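# Descriptive structure summary
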Amino acid sequence: MGIANIEDLRQLARQLTEVFDVGAQDEGTLRANNADFNRIALMPRVLRDVSQRDQSVTVLGQKFDIPLILSPTGLPGVLWPNGATEGARAATAAGAGFCLSSMSTSTIEEIAKVATRPPWFQLYLMRDRVMSRALIERAKAAGYSALLLTVDLAMQGQRDRDVHNGLTMPPTFRASNVLDFALHPGWVWRFLTGPKVTLANLITPDQSDLFTIAGYVNSQFDQSVTWKDIEWAKTVWGGPLALKGILDPEDAKLAVDHGVDAVIVSNHGGRQLDGVRSAVSSLPDVVDAVAGRAEVILDGGVRRGTDVLKAMALGAKACMIGRPFLYGLASQGGVGVARALEIFRNEIDLALALSGSANLSKLDRSCIAWP
Ligand SMILES: Cc1cc2nc3c(=O)[nH]c(=O)nc-3n(C[C@H](O)[C@H](O)[C@H](O)COP(=O)(O)O)c2cc1C
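Residues numbered from 1 in each chain as written. Predicted model: local features only at pLDDT ≥ 70, side-chain atom pairs only at ≥ 80, totals over all residues. Heavy atoms only, no water.

## Examining the sheet that holds strand E6 (residues 120-123)
Keep this limit in mind: The pairing criterion for strands is at least two bridges between them, as found by DSSP. Helix numbers and strand numbers start at the N terminus; a helix is a DSSP run of H or I with at least 4 residues, a strand a run of E with at least 2. Axes here refer to lines fitted to C-alpha atoms; in helices the fit is confined to the stretch in contact. Angles between the N-to-C directions go from 0 to 180 degrees. The criterion used for residue contact is that any of the two residues' heavy atoms lie within 4.5 Å.
Read around the closed barrel, eight strands run E4-E5-E6-E7-E8-E9-E10-E11, paired in parallel fashion. Across the sheet, the mean angle from the axis of one strand to that of its neighbour is 25°, orientation sign disregarded. Pairing of strand E8 (residues 241-246) with strand E9 (residues 262-265), which is carried by four bridges, proceeds in the parallel orientation. In the sheet register, Ile-246 faces E9, and the bridge partner there is Val-265. Docked against the sheet, helix H6 (residues 129-141) engages E6 and strand E7 (146-150), running at close to 175° with respect to E6.

As structure tokens, this is what we get:
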């Protein structure tokens, strides 16, 4: 079967996708992230010259050829050997952005080496501020261009489907799931023969196995973080700063008041608090609250080129994509990531032509017809 869209890539990676398709609890927010895009209709215009189309954008002072940044995702090395370096290479070569997770399986420096444009770095502010500071300083030294602080993970969300499936990260081989693995000989081979998967950037007391590290990391999520800590991180970093995980317009205003340069409207891909609004339905209120004083980026549920047009027409500067990146990676490694981005590039281009808007960054709310 030919690969026509992002759903096809998901099917290709199927069963492996159980690990990361999962959302929190009843997965209402996860579904809403996708479904709410379908509730928004575009209003196409005709008889405009759309022969020269441009989908480049400038975000946090950096120019991208396509309006997409790969969202930070932990443990990509489980899906494909050197998953993060594969993703960074493919994304930056395609003219997209790449954001490295602090829970990644490749080091800050390895990513900087393979990326052909400066990557972004994502951090959870941890109890161990010496470690947080060290990570920020390493990213700075390696030439990263933006720091993203993820602020919607005071504790890890409850993911019921993981419990039902008996899924653990990293995967363990047990009698109950051996059939799943038997159906994926290619993945099992790559996992067993690839480089050892570790949380490569964290300075933990015991690096012997991922379970020990995961336990340590869980104990490090800091529930006492406040706006003061954002100011601290801004001072240590000294460059463009974004907060990832904002839904409430009042929080968006506070972010601006605390000197944040970009607000990333996100509910962590429906993996944290179930029952919160979708990312795209939160976007217009946040855009209005920020009123041009910071950039706004949409993260969550983007699966089609038309989703990107809708988000940008509602005021987003660019979109981030989490699972589409992982579908590509899990199915074909770096080639699959390139494929996912190519699908988006083509779909955005087609949508621009057919909606009568040659220039992506000139879209506004007149391009949206609410239901
Ligand atoms: C498997 C997986 C791991 C993730 N790890 C992180 C992470 O380490 N840091 C972070 O800020 N967000 C993480 N996220 C959330 C993504 O950055 C992003 O917000 C989300 O995937 C966007 O929704 P989408 O998958 O619908 O595009 C993760 C998401 C998934 C699916």
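## Side note on the nonpolar core
Where a protein is soluble and globular, its nonpolar side chains tend to be buried together. Heads up, the rule is: To form a nonpolar core, buried Ala, Val, Leu, Ile, Met, Phe, Trp, Tyr and Cys residues must be joined to one another through side-chain atoms within 4.5 Å. Note on classification: 1.4 Å probe, protein chains only; a residue is buried when its accessible area is under 20% of the maximum for its type, exposed when over 50%, partly exposed between these limits.
Among the nonpolar cores identified, the biggest contains 114 residues, and Phe-98, Trp-120, Phe-121, Leu-149, Leu-283, Leu-298 and Leu-341 are the most heavily contacted of them. Beyond its immediate sequence surroundings of up to four residues, Phe-121 is in contact with Cys-99, Leu-100, Ser-101, Ser-102, Ile-108, Leu-135, Ala-139, Tyr-144, Ala-146, Leu-147 and Leu-148.

## Some thoughts on unusual backbone geometry
A positive phi angle is found at Gln-25, which is not glycine, with a value near 45°. Tracing the backbone shows Gln-25 in the loop between helix H2 (18-21) and helix H3 (28-38). Look at Gln-25 and you get partly exposed, because its relative accessible area is 34%.

## Looking at the site of the ligand
Note the cut-off: A molecule or strand has a residue near it when one of that residue's heavy atoms lies within 4 Å. What qualifies as a polar contact is a pair of N or O atoms within 3.5 Å, subject to a donor-acceptor requirement within protein and to the restriction that residues adjacent in sequence count only when both atoms come from side chains. For accessible areas, the Shrake-Rupley method is used with a probe of radius 1.4 Å. Any residue's cover is judged against the shown protein chains and nothing else. Under the scheme applied, nonpolar residues are Ala, Val, Leu, Ile, Met, Phe, Trp, Tyr, Cys and Pro; charged residues are Asp, Glu, Lys and Arg; polar residues are all the others, including Gly.
In the vicinity of the ligand, 23 residues are found, and the nearest of them are Pro-72, Ser-101, Tyr-124, Thr-150 and Asp-299. Taking Gly-301, its main chain carries an N or O atom lying 2.9 Å from an oxygen atom of the ligand. A total of 600 Å² of accessible area belongs to the ligand in isolation, and the protein chains cover 95% of it. Top contributing element to the shell around the ligand by residue count: helix H15 (residues 323-355), with three residues. Classifying every residue of the shell around the ligand gives six nonpolar, twelve polar and five charged.

## As for the packing of aromatic side chains
Applied cut-off: The aromatic pairing rule takes the rings of Phe, Tyr and Trp, using the six-membered ring of Trp, and pairs them if the centres are within 6.5 Å, calling planes under 30 degrees apart stacked, those over 60 edge-to-face and the rest tilted. In this scheme, Lys NZ or Arg CZ marks a charge over a ring once it lies within 6 Å of the ring centre and within 35 degrees of the ring normal.
Applying the stated rule across the entire model yields five aromatic pairs. A cation over an aromatic ring shows up here: Arg-129 above the ring of Trp-232, its NZ or CZ 5.6 Å from the ring centre.

## A short note on H6
We apply this condition: Expected span of a helix, by definition, is 1.5 Å for each gap between consecutive residues, and there is one gap fewer than residues.
Taking 1.5 Å per residue, 13 residues should reach 18 Å; H6 reaches 18 Å between its end C-alpha atoms and fits that length. A distance of 3.1 Å separates the backbone nitrogen of Val-130 from a side-chain oxygen at the start of H6, and that oxygen is part of Asp-128. Of the residues flanking the end of H6, it is Gly-143, one or two places downstream, whose phi is positive at about 85°.

## Side note on the packing of helix H12 (residues 249-257) against helix H13 (residues 279-290)
Going by this rule: With the far helix as reference, a near helix turned anticlockwise by less than a right angle produces a left-handed crossing, and one turned clockwise produces a right-handed crossing.
The contact between H12 and H13 brings their axes to 8 Å, and the two run at 35°. Classified by chirality, the crossing of H13 by H12 is right-handed. Contact with H12, carried on its side by Pro-249, Ala-252, Lys-253 and Val-256, involves Asp-285, Val-286, Ala-289 and Val-290 of H13 and no other residues of that element. Along the lines of polarity and charge, the residues of the contact of H12 with H13 split into six nonpolar, no polar and two charged.

## Quick look at empty space enclosed by the protein
Our working rule: Grid points spaced at 1 Å over the protein atoms alone were grouped into cavities, where a 1.4 Å probe fits but cannot get out, and pockets, open sets with protein on both sides within 12 Å along at least five of seven lines, with lining residues defined by an atom within 4 Å of a point. Grid points are joined across faces, edges and corners, and a volume is the space filled by probe spheres set on the points.
Evaluated as defined, the whole model comprises one cavity of 30 Å³ or more. As for the largest cavity, its lining consists of Ser-71, Pro-72, Thr-73, Pro-76, Ala-84, Phe-98, Cys-99, Leu-100, Ser-101, Ser-104 and Phe-325. Sorting elements by how many residues they give to the lining of the largest cavity places strand E5 (residues 97-100) first, with three residues. Looking at side-chain class alone, the lining of the largest cavity contains seven nonpolar, four polar and no charged residues.

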